[in-house]
Amino acid sequence: MAKTGKARAHTNIALIKYWGKADETLIIPMNNSISLTLDKFYTETRVTFDPTFEEDTFFLNGEKANEKETQKISAYLDIVRKQAGTHTKASIDSTNFVPTAAGLASSASAFAALAAACNEALEMRLSDKDLSRLARRGSGSACRSIFGGFAEWEKGHDDASSYSHPIDAEHWEDELSMIFVVINNKSKKVKSRAGMSLTRNTSRFYQYWLDRVEADIEEAKAAIKDKDFKRLGEVFEANGLRMHATNLGAEPPFTYLVSDSYEAMSLVHDCREAGIPAYFTMDAGPNVKVLVQKKDQQAVIDKLTSYFDPEQIIASNIGTGVEILNEEDAL
């Protein structure tokens, strides 16, 4: 008998970055990370396991995926099937409300939604911790999208010990907003996994990055606990810049940033000089994300649109954790 599960997961943005893997197969990171889940970008996925299926099929945004994409999803489903004790093939229908591969962490929401849908369909009854572990096997950052608000990914040392958990902020995140400056929505020339591997293996700046991350984690958690926006902003902005600096020390050097990325950073600095607290970060892509307090959101948007087109600016509130959808909920 066919078994179906549907789920929605929101993307998350790392404030304290994960950059580099200690284990490429299990996707165990070199360092802990802290993220903030957002409501604007998300993925909805329906998965159906049916004993009559002869192979896995994958549809993304209404179109059948190519062989390479399908093989990637099928390899992940093999991990799920092994854990669930089944060999049944599946059909996956996923709608991605995130610009794919544009530095907006689309893989995080995609694999978090897929993991949750599989958990529902196969009645695996995983705890949030174990669901986070399962999502991690598809994409590292996906383990953080299981949770809403702030989350920390414990790097661990093996499959059992590497997972995310929520950080209690006593609803402080309800006062926050993140503004996306979408500079480039094209696919990246250097994919995140390739960039991480090259940087970890060759960058002369990488050890300095690792030496500072633990202190950044503790500083960020203290700022969240104290609801100290300035302190949090300063530490995550510096952390993001150090991550991107490691790429310039790789052999060969590379960067995800473009001239407009630096223009966006400069405008955020201008906001602070004008007395409007705002802080930026960038993932593995050119787009800039600006964390602000909701009361300052419009002032920062006005500043950004003095240079960028309004359609390049997207404001997001803080998102919830992964959700199971009812059958009548449309993708």
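Residues numbered from 1 in each chain as written. Predicted model: local features only at pLDDT ≥ 70, side-chain atom pairs only at ≥ 80, totals over all residues. Heavy atoms only, no water.

Per an unreviewed UniProt entry, the chain goes by diphosphomevalonate decarboxylase and derives from Staphylococcus carnosus. For the chain, the Sequence similarities (unreviewed entry) comment in UniProt is given as "Belongs to the diphosphomevalonate decarboxylase family." (UniProt positions renumbered as here; feature names shortened; annotations may be inferred.)

J.: Would you take a moment to explain the nonpolar core for this structure?
T.: Here is a general trend for soluble globular proteins: nonpolar side chains tend to be buried in one another's company. In terms of nonpolar packing, the biggest core is built from 42 residues, with I16, W19, F150, W172, I224, L232 and L291 touching the most fellow members. Composition of this core by domain shows at least three residues from each of domain 1 (3-171) and domain 2 (175-316). When neighbours within four sequence positions are excluded, F150 is seen to be in contact with L15, S35, L36, P166, I167, A169, W172, E173, L176, I224 and L232. Ranked by size, the runner-up nonpolar core spans 31 residues in total, among them A9, F49, A113 and A142. (Core = buried A, V, L, I, M, F, W, Y, C linked by side-chain atoms within 4.5 Å. Buried < 20%, exposed > 50% of the residue type's maximum accessible area, 1.4 Å probe, protein only. Domains from an automatic or database assignment. Contact = heavy atoms within 4.5 Å.)

J.: Where do I start with the sheet that holds strand β11 (residues 278-281) in this structure?
T.: Hydrogen bonds between backbone atoms are what pair the strands of a sheet, whose relative direction is either parallel or antiparallel. Ordered by their spatial adjacency, four strands build an open sheet running β11-β12-β10-β13, and the pairing between neighbours is antiparallel. Two strands close off the open sheet at either side, each with one partner strand: β11 and β13 (313-316). Strand after strand, the sheet turns through a mean of 25° between neighbouring axes, direction not considered. Bridge count between strand β10 (residues 176-181) and β13: four bridges; the pairing is antiparallel. Among the inter-strand pairings, I179 is bridged to a residue of β13, identified as A315. This element, helix α8 (residues 297-304), spans β10, β11, β12 (288-293) and β13 of the sheet and lies at about 10° to β10. (Pairing = 2+ DSSP bridges. Helix = DSSP H or I, 4+ residues; strand = E, 2+ residues; numbered from the N terminus. Axes fitted to C-alpha atoms, helices over the stretch in contact; angles between N-to-C directions.)

J.: What exactly am I supposed to notice about the packing of aromatic side chains here?
T.: Two measures describe an aromatic ring pair: the distance that separates the ring centres and the angle between the ring planes. Tallying each qualifying case throughout the model produces nine aromatic pairs. With 6.1 Å between their ring centres and 20° between their planes, F150 and W172 make a pair best called stacked. On the criterion of sequence distance, the pair formed by F150 in strand β8 (residues 150-154) and W172 in the loop between β9 (163-166) and β10 is long-range, its members being 22 residues apart. Comparing F150 with W172, the two get one shared label, buried. One aromatic cluster is present, built from ring pairs that chain together W19, F254 and Y256. (Phe/Tyr/Trp six-rings, centres within 6.5 Å; stacked < 30°, edge-to-face > 60°.)

J.: I'm lost on a positive patch on the surface in this one. Help?
T.: Where like charges cluster on the molecular surface, the positive patch consists of K68, K72, K191 and R193. Relative to the helices and strands, K72 resides in helix α1 (residues 67-84). (Patch = residues over 30% accessible without salt bridge, like charges linked within 9 Å, V, L, I, M, F, W, Y side chains within 5 Å. Areas by Shrake-Rupley, 256 points an atom, 1.4 Å probe, with all protein chains shown as cover. Salt bridge = Lys/Arg side-chain N within 4 Å of Asp/Glu carboxyl O. Lys, Arg positive; Asp, Glu negative; His and termini not counted. Charge placed at Lys NZ, Arg CZ, Asp CG, Glu CD.)

J.: Please explain the pattern of salt bridges as it appears in this structure.
T.: Side-chain pairing between opposite charges can occur once the charged atoms of the two side chains come close. Overall, the coordinates contain 20 salt bridges when judged by the stated rule. We note a salt bridge from D56 to R81, for which the minimum N-O separation is 2.8 Å. Remark: R81 occurs in helix α1 and D56 occurs in the loop between β4 (33-49) and β5 (57-60); sequence separation between them is 25 residues. Assessed through its relative accessible area of 9%, D56 is described here as buried. In this structure R81 comes out as buried when scored by relative accessible area, which is 3%. Of the charged contacts, one joins R81 and D78 as a salt bridge, the two residues approaching to 2.8 Å between their closest N and O atoms. Of this pair, R81 and D78 both sit in helix α1, three residues apart, which is roughly one turn of that helix. Through salt bridges that share partners, D130, R133, R136 and D159 make up one connected network.

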